[in-house]
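# A closer look at the structure
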Protein chains: 2
Amino acid sequence: MENIFTDEYFMKKALQEAEMAFEKGEIPVGAVVVIDNKVIAKSHNLTEVLNDVTAHAEMQSITAAANFLGGKYLKNCTLYVTLEPCQMCAGALYWSQISKIVFGARDEQRGFLTLGTSLHPKTQVVEGVLASECGTLMKAFFASKRK
Amino acid sequence: MENIFTDEYFMKKALQEAEMAFEKGEIPVGAVVVIDNKVIAKSHNLTEVLNDVTAHAEMQSITAAANFLGGKYLKNCTLYVTLEPCQMCAGALYWSQISKIVFGARDEQRGFLTLGTSLHPKTQVVEGVLASECGTLMKAFFASKRK
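Bear in mind the structure is a predicted one, so any value in this text is a computation, not a measurement.

Thresholds, definitions, all that
- Residues numbered from 1 in each chain as written.
- Chains lettered and ligands numbered in written order.
- Predicted model: local features only at pLDDT ≥ 70, side-chain atom pairs only at ≥ 80, totals over all residues.
- Heavy atoms only, no water.
- UniProt positions renumbered as here; feature names shortened; annotations may be inferred.
- 1 Å grid on protein atoms, 1.4 Å probe; cavity = no way out; pocket = protein on both sides within 12 Å on 5 of 7 lines; lining within 4 Å.
- Buried < 20%, exposed > 50% of the residue type's maximum accessible area, 1.4 Å probe, protein only.
- Contact = heavy atoms within 4.5 Å.
- Helix = DSSP H or I, 4+ residues; strand = E, 2+ residues; numbered from the N terminus.
- Least-squares fit on C-alpha atoms with pLDDT ≥ 70 in both.
- Points joined across faces, edges and corners; volume = space filled by probe spheres on them.
- Nonpolar A, V, L, I, M, F, W, Y, C, P; charged D, E, K, R; others polar.
- Axes fitted to C-alpha atoms, helices over the stretch in contact; angles between N-to-C directions.
- Parallel < 35°, antiparallel > 145°, perpendicular 65-115°, else oblique.
- Left-handed = near helix turned anticlockwise from the far one by under 90°.

### Here we look at the UniProt feature "binding site: Zn(2+)" (unreviewed entry) in chain A
UniProt's feature table lists "binding site: Zn(2+)" (unreviewed entry) at His56(A), Cys86(A) and Cys89(A), given in the numbering used throughout. These annotated residues cover 34 residues of sequence, and their C-alpha atoms all fall within 9.3 Å of one another, placing them together at a single site. In this structure, the largest pocket is lined, among the annotated residues mentioned, by His56(A) and Cys86(A). Residue Cys86(A) is classed as buried on the basis of its relative accessible area, which comes to 6%. The contact partners of Cys86(A), leaving out residues within four places of it in the chain, are His56(A), Glu58(A), Arg110(A), Phe112(A) and Trp95(B). Relative to the helices and strands, Cys89(A) is located in helix H3 (residues 87-96). Assessed through its relative accessible area of 0%, Cys89(A) is described here as buried. In this view, Cys89(A) contacts His56(A), Glu58(A), Met59(A) and Ile62(A); residues no more than four positions away in its chain are not counted.

Written as structure tokens, this is what we have:
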């Protein structure tokens, strides 16, 4: 039987979250946290709605997943996020000891790979999953803002 | 007339917050945000109580100060924090465009200076204010945990 629970499958869920951010006028970034092929947290960027620079999709998903699990460490969890995490979110992911991070598009300016934020040694990183779709949504957002 | 509103004055407020964390069994870090010599946010580390790695003192103070100001940028604000901020908190402070960060003790392992997290170009950093008191509290906490 074919496994439907691929990285693309869960990145599509994150993309749906990013689209919800777009519709609210937020920079369109979405995230989900998955354990044993089950989504236990989903979120999208809410920095404008909440007037809070810390309300990135990843931060909300880390908090929600820990709440679901009843413990603050996200062992055996994977975060899917449409954009490369920033320093803040990568720093939070370090503390969470999350097992895996899968992201879509690169953020050449503020992404943690560019800026050298250190992750936990236990954390595996996969990049480029649905990168084109994730990046296109970002470009469409900034193009709409320039109008 | 002598100005009582020195960096030491406000760091003492942050230290009081750190002591509240200690009393709760949390790593004793406290923070306050000040604008025009007025404390607009105060917080202490609550990662254990809240089961949330993102609940560092600085993160809570950034959110609370933005809520008080009604806007997400902490221009003309100073954060006083007893310990050098980590990557996550420094990353959040970058996004907040805060004017000044004053910290007490260095964190040689996970501090943003050691790890090279980038702050906003507008942000000034002062270190070492009541460093001994702030560091002593941390050492007392970890000594008590080893017992």
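### A look at the relation of the copies chain B and chain A
In the superposition of chain B on chain A (RMSD 0.0 Å, axial shift 0.0 Å), the rotation amounts to 180°. On the angle and the small slide along the axis, the relation comes out as a two-fold axis. Across chain B, the rotation axis passes nearest the C-alpha of Met88(B), at a separation of 2.0 Å.

### With respect to the layout of surface pockets
There is about 680 Å³ of room inside the largest pocket. Looking at the largest pocket, it is lined by 29 residues, and the ones nearest its centre are Ile27(A), Leu83(A), Asp107(A), Phe142(A) and Trp95(B). Looking at the lining of the largest pocket, the elements that each hand over two or more residues are helix H5 (131-146) of chain A together with helix H3 (87-96) of chain B. Ranked by residues supplied to the lining of the largest pocket, first place goes to H5(A) with four residues. A breakdown of the residues in the lining of the largest pocket according to their chemical character gives 13 nonpolar, eight polar and eight charged. Within this model, the second largest pocket holds a volume of roughly 550 Å³. Every residue lining the second largest pocket is counted, 28 residues in all, and those nearest its centre are Trp95(A), Ile27(B), Asn45(B), His56(B) and Phe142(B). Only H3 of chain A together with helix H2 (57-69) and helix H5 (131-146) of chain B provide two or more residues apiece to the lining of the second largest pocket. With four residues, H5(B) is the single largest residue contributor to the lining of the second largest pocket. Broken down by class, the residue content of the lining of the second largest pocket amounts to 13 nonpolar, seven polar and eight charged.

### Section: the packing of helix H2 (residues 57-69) of chain A against H3(A)
The relative placement of two packed helices is expressed as an angle between their axes plus a distance between the axes. Residue and element names in this part refer to chain A. Interhelical geometry of H2 versus H3 gives an angle of 20° and a closest axis separation of 9 Å. The angle between H2 and H3 places the two elements in the roughly parallel class. The hand of the H2/H3 crossing is left-handed. From H2, Glu-58, Met-59 and Ile-62 reach across to H3, where they touch Met-88, Cys-89, Ala-92, Leu-93 and Ser-96. Of the residues in the contact of H2 with H3, the class split is six nonpolar, one polar and one charged.

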